[in-house]
Amino acid sequence: MADLLTDTYMTLRKRFRFRAQRILGSGEDADDVLQEAFYKLWAKRYPVRSTSEAEALLTTTVRNTSLDAVRRRREKVPLDVADPPAPEDGQERHELYVRVERLVREHLSDTQQRILDRMEGENVTLEQIAREMGMQPAAVRMQLSRARKTIREIYKQGK
């Protein structure tokens, strides 16, 4: 099953990316959606008996995951959560920093924390991070995307 699903995905990846990009309007978002869609199927271990069945399952999952991403994008985050005003005194700024740091430590995996820190804090490229961590660039991009998504969800919940 896994080999058939993986082979079909790899063979038709460009077509799936094109479809996702058409829905999302962004190649980077399309890459994230492809990773998410493939991971969903891989994790659930759907029983696939033929290439055409794998193609249909992947096509549907990529389309639905793309549409979900568009819906999430349309959800509006309250202004005070999405773009909090910069604290004027040092104490408020420090408290905000400590709060965000705590949320990151509590909700992100060690790998996601390292990638986020290197990418956002130290301005290291995705390719450099992949080499340093012994990962594929696509896997680093997926972990970064998941970390950012987790952070967005935490802010939406107002934690």
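Residues numbered from 1 in each chain as written. Predicted model: local features only at pLDDT ≥ 70, side-chain atom pairs only at ≥ 80, totals over all residues. Heavy atoms only, no water.

With that settled, the discussion passes to the overall build of the chain. When helices and strands are counted, the chain shows 8 helices and 0 strands. Moving toward the C terminus, one meets the helices and strands of the chain in the order α-α-α-α-α-α-α-α. Within the chain, the proportion of its 159 residues that are buried is 29%. In the chain, the share of contacts with a sequence separation of at least 24, taken over all contacts with a separation of at least 6, comes to 66%. (Helix = DSSP H or I, 4+ residues; strand = E, 2+ residues; numbered from the N terminus. Buried < 20%, exposed > 50% of the residue type's maximum accessible area, 1.4 Å probe, protein only. Contact = heavy atoms within 4.5 Å.)

On to the packing of helix α6 (residues 110–121) against helix α7 (residues 126–133). It is the contact of α6 with α7, at a shortest axis distance of 10 Å, that shows an interaxial angle of 140°. Taken together, α6 and α7 sit at an angle that is classed as oblique. Judged by the twist between their axes, the crossing of α6 over α7 is right-handed. Contact with α6, carried on its side by T111, R114, I115, R118 and M119, involves L126, I129, E132 and M133 of α7 and no other residues of that element. For the contact of α6 with α7, the residue count by class is 5 nonpolar, 1 polar and 3 charged. (Axes fitted to C-alpha atoms, helices over the stretch in contact; angles between N-to-C directions. Parallel < 35°, antiparallel > 145°, perpendicular 65-115°, else oblique. Left-handed = near helix turned anticlockwise from the far one by under 90°. Nonpolar A, V, L, I, M, F, W, Y, C, P; charged D, E, K, R; others polar.)

Before going further, it helps to spend a moment on the nonpolar core. Membership of the largest hydrophobic core comes to 18 residues, with the highest contact counts inside it found for L5, Y9, F16, A20, L24, L58 and V62. Beyond its immediate stretch of four places on either side in the chain, L58 contacts L5, T8, Y9, F16, F38 and L41. Grouped together as the second largest cluster of nonpolar side chains are 13 residues, L108, L116, M119 and V124 included. (Core = buried A, V, L, I, M, F, W, Y, C linked by side-chain atoms within 4.5 Å.)

What follows concerns the side chain of Q143. Inspection of the secondary structure assignment puts Q143 in helix α8 (residues 137–157). Once residues within four sequence positions are removed from consideration, Q143 is found in contact with S109, T111, Q112, I115 and M135.

Okay, the packing of aromatic side chains next. Applying the stated rule across the entire model yields 1 aromatic pair. Sitting over the ring of Y39, R146 keeps its end group 4.4 Å from the ring centre. (Phe/Tyr/Trp six-rings, centres within 6.5 Å; stacked < 30°, edge-to-face > 60°. Lys NZ or Arg CZ within 6 Å of the ring centre and 35° of its normal.)

Within the secondary structure, R22 sits in helix α1 (residues 2–24). Spatially, the C-alpha atoms of R22 and S66 are 9.4 Å apart, while their sequence positions differ by 44 residues.

Let's shift gears to the side chain of T8. By the element assignment, T8 lies in helix α1. When sequence neighbours within four positions are dropped, the list of residues in contact with T8 reads F16, T51, A54, E55 and L58.

Looking at the secondary structure, you find R45 in the loop between α2 (27–44) and α3 (51–74). Measuring from C-alpha to C-alpha, the distance between R45 and L5 comes to 9.4 Å, with 40 residues separating the pair along the chain.

Moving on: α3. With 24 residues, α3 should reach 34 Å at 1.5 Å per residue; the first-to-last C-alpha distance of 35 Å fits that figure. Buried residues of α3: A54, L58, T61, V62, T65, S66, A69 and V70, and no others. (Expected span 1.5 Å × (residues − 1).)

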